[in-house]
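# Secondary and tertiary structure notes
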Amino acid sequence: YGVYVYPNSFFRYEGEWKGGRKHGDTFSGQFVLGEPQGYGVMEYKAGGCYEGEVSHGMREGHGFLVDRDGQVYQGSFHDNKRHGPGQMLFKNGDKYDGDWVRDQRQGHGVLRCADGSTYEGQWHSDVFSGLGSMAHCSGVTYYGLWINGHPAEQATRIAILGPEVMEVAQGSPFSVNVQLLQDHGEIAKSESGRVLQISAGVRYVQLSAYSEVSFFKVDRDNQETLIQTPFGFECIPYPVSSPAAGVPGPRAAKRGTEADVPLPRRDLELDLDALCGQEGTPGGLLAGGHTPHCPGACRRVDQGCAEFTDVLLGPPPPGYHPFLFLDSLHKKAGSRSRGGLHPGGTPPTAQEPPGGSRPEGSATEEQPAAAYPGEYVLMIRDVTTPPFLGRTLPPAFKHLRVVVKRADRPPHVLEEGPEASSGWQAHGCAPEPPAPR
């Protein structure tokens, strides 16, 4: 490395030498007073090349630059740096078209990512900053303020509206209203498109005050990991259904002019593996830009809110064998002697308790037409795939109590209050039964 000053001191060379000769970058093009000036092509020793306007040997004006990593920039230069409007193709496949300030994206610009995500808005110091909108590859959209590359009004948690313990009538559909909340508790209205999945669990060991079932014995082939809840008890997965968007549910069928005609239900029962939060949950917009079908157990968020309508807890699935409390068995025996019916509507049959059953109860193979009265848990999970900006929201839980339907029991409606600040209503017990299948 060295400096050579020509006899005319106006000209000088500073750089690398090899074998007594100048060695390094090469430039072919226009010169003025011995310096590259005008238009030319510069090839760099470290790799890459530049073709465009130069001034005093530096990139100045409009040009085309390929760096040593193969990234391509076409646009304006000033003082050898990307400055002004320009387009760049990054080595990971991302494309940017917008303003630059001294080699950094700053001002207004559009970034189209290789995974299909797009951001359009303000930039500062090479990151999203200011007002901007993003359409994520998962199907999530966000429009609002960005600070240092992060959405300022992003959702951080899921909230299920309703009372602390939500009561629903046995065999009746109900609605579940959900909000995405920010850190300070406001609804994340700037965000839409997250995929939320509803699932349920039944309390593993029930209380006699609320249920005639002591516990469920699960076949070996259906055994699942116990679900930990924030209510101080554990659950096992339980099937829940909700009609897909646009499909009339039991209430809509009941109100229709042909409510007396059995309608085919297109409810989708959630797979038990999905209830346990395992991999393979339904996703959103794929990288190729295709929106997959959203199952009935899932809803997409609209401006921070989502609603699951006509949610229904069906009868216990195959492999779930209820063990009844002894007092319930005595009541059933008395009901049978009088020719009564099982609370679930099943004709009475004689059952002998199997050997080796727990002393406080006995198994019964009579399957009700709906979920047994007792304590359950609803869970709402963020199953957006891939996660929006790499973050999955933690699941939300709601304590649910299924009670025996009574004709004199009014439907439960959540009044506006601290847990329903948005004015939404969460319906509990529905007065009408589901339409016949």
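Attention here is on the structure that accompanies the text. (Residues numbered from 1 in each chain as written. Predicted model: local features only at pLDDT ≥ 70, side-chain atom pairs only at ≥ 80, totals over all residues. Heavy atoms only, no water.)

As a further point, take the overall build of the chain. Within the chain one finds three helices and 31 strands. The proportion of buried residues among the 437 residues of the chain is 43%. Long-range pairs, those at least 24 residues apart, make up 54% of the contacts in the chain between residues at least 6 apart in sequence. Carbon and sulfur atoms provide 52% of the accessible area of the chain, an area that totals close to 22600 Å². (Helix = DSSP H or I, 4+ residues; strand = E, 2+ residues; numbered from the N terminus. Buried < 20%, exposed > 50% of the residue type's maximum accessible area, 1.4 Å probe, protein only. Contact = heavy atoms within 4.5 Å. Areas by Shrake-Rupley, 256 points an atom, 1.4 Å probe, with all protein chains shown as cover.)

The strands making up a sheet associate through backbone hydrogen bonding, with each pair oriented either parallel or antiparallel. Read across the open sheet, the four strands follow the order 17-19-27-25; overall the sheet is antiparallel. Of all strands in the sheet, those bounded by a partner on one side alone are strand 17 (157-160) and strand 25 (240-241). Relative to strand 27 (residues 305-313), strand 25 runs antiparallel, the two being bridged by two bridges. Residue pairing in the sheet places Ser241 in a bridge with Leu312 of strand 27. (Pairing = 2+ DSSP bridges.)

As a further point, take the nonpolar core. Taken as a class, soluble globular proteins show a tendency for nonpolar side chains to be buried jointly. Ranked by size, the top nonpolar core spans 37 residues in total, and within it Val176, Leu196, Leu313 and Tyr376 carry the most contacts. Excluding residues within four positions of it along the chain, Tyr376 makes contact with Gly201, Val202, Arg203, Tyr238, Leu313, Ala371, Lys398, His399, Leu400 and Val402. (Core = buried A, V, L, I, M, F, W, Y, C linked by side-chain atoms within 4.5 Å.)

A separate point is the pairing of strand 19 (residues 174-181). Among the eight residues in strand 19, eight count as buried, and that is most of the element. Of the two faces of strand 19, the one carrying Phe174, Val176, Val178 and Leu180 and the one carrying Ser175, Asn177, Gln179 and Leu181 are both buried. Note: strand 17 against strand 19, four bridges, orientation antiparallel. Within strand 19, the residue paired with Ala159 across the bridge is Gln179.

If you walk through the whole model with that rule in mind, you get one cavity of 30 Å³ or more. Surrounding the largest cavity, Val168, Ala169, Gln170, Gly171, Ser172, Phe174, Leu312, Leu313, Ala370, Ala371 and Val402 form its lining. Put simply, the parts of the chain that give the lining of the largest cavity at least two residues each are strand 18 (165-169) and strand 27. Considering only residue class, the lining of the largest cavity consists of eight nonpolar, three polar and no charged. (1 Å grid on protein atoms, 1.4 Å probe; cavity = no way out; pocket = protein on both sides within 12 Å on 5 of 7 lines; lining within 4 Å. Points joined across faces, edges and corners; volume = space filled by probe spheres on them. Nonpolar A, V, L, I, M, F, W, Y, C, P; charged D, E, K, R; others polar.)

Inspection of every chain in the model, using the stated rule, returns seven salt bridges. In this structure, Asp103 and Arg82 form a salt bridge, with 2.9 Å as the shortest nitrogen-oxygen distance. Of this pair, Asp103 sits in the loop between strand 11 (95-101) and strand 12 (104-112) while Arg82 sits in strand 10 (residues 81-89), and the two are 21 residues apart along the sequence. Residue class for Asp103 comes out partly exposed when judged on its relative accessible area of 27%. When its relative accessible area of 17% is taken as the criterion, Arg82 is described as buried. Notably, a salt bridge pairs Arg194 with Glu191, separated by 2.3 Å at the nearest N-O pair. (Salt bridge = Lys/Arg side-chain N within 4 Å of Asp/Glu carboxyl O.)

Cis geometry is adopted by the peptide bond preceding Pro386, which originates at Thr385 and carries an omega value of -10°. Within the secondary structure, Pro386 is located in the loop between strand 30 (374-382) and strand 31 (396-403). Phi is positive for Leu389, close to 55°, though the residue is something other than glycine. Among the structural elements, Leu389 can be located in the loop between strand 30 and strand 31. When its relative accessible area of 36% is taken as the criterion, Leu389 is described as partly exposed.

Within the secondary structure layout, Asp310 lies in strand 27. Given the relative accessible area of 8%, Asp310 is considered buried. Taking the C-alpha atoms as reference, Asp310 lies 8.5 Å from Ser172; in sequence the two are 138 residues apart.

Another point: the environment of Arg82. Taking the C-alpha atoms as reference points, Arg82 and Asp103, separated by 21 residues in sequence, lie 4.6 Å from one another. In this view, Arg82 contacts Tyr73, Ser76, Phe77, Met88, Trp100, Val101, Arg102 and Asp103; residues no more than four positions away in its chain are not counted.

Right, let's get into the side chain of Arg203. Mapped onto the fold, Arg203 is located in strand 21 (residues 195-203). Within polar-contact distance, the side chain of Arg203 engages the side chain of Glu375 at 2.6 Å. Setting aside residues no more than four positions away along its own chain, Arg203 makes contact with Phe233, Glu234, Cys235, Glu375 and Tyr376. (Polar contact = N/O pair within 3.5 Å; in protein donor to acceptor, adjacent residues only side chain to side chain.)

This brings us to the environment of Gly144. Among the structural elements, Gly144 can be located in strand 15 (residues 141-147). Sequence separation between Gly144 and Ser133 is eleven residues, and the spatial gap between their C-alpha atoms is 6.4 Å. If we skip the residues at most four places from it in the chain, Gly144 touches Gly130, Leu131 and Gly132.

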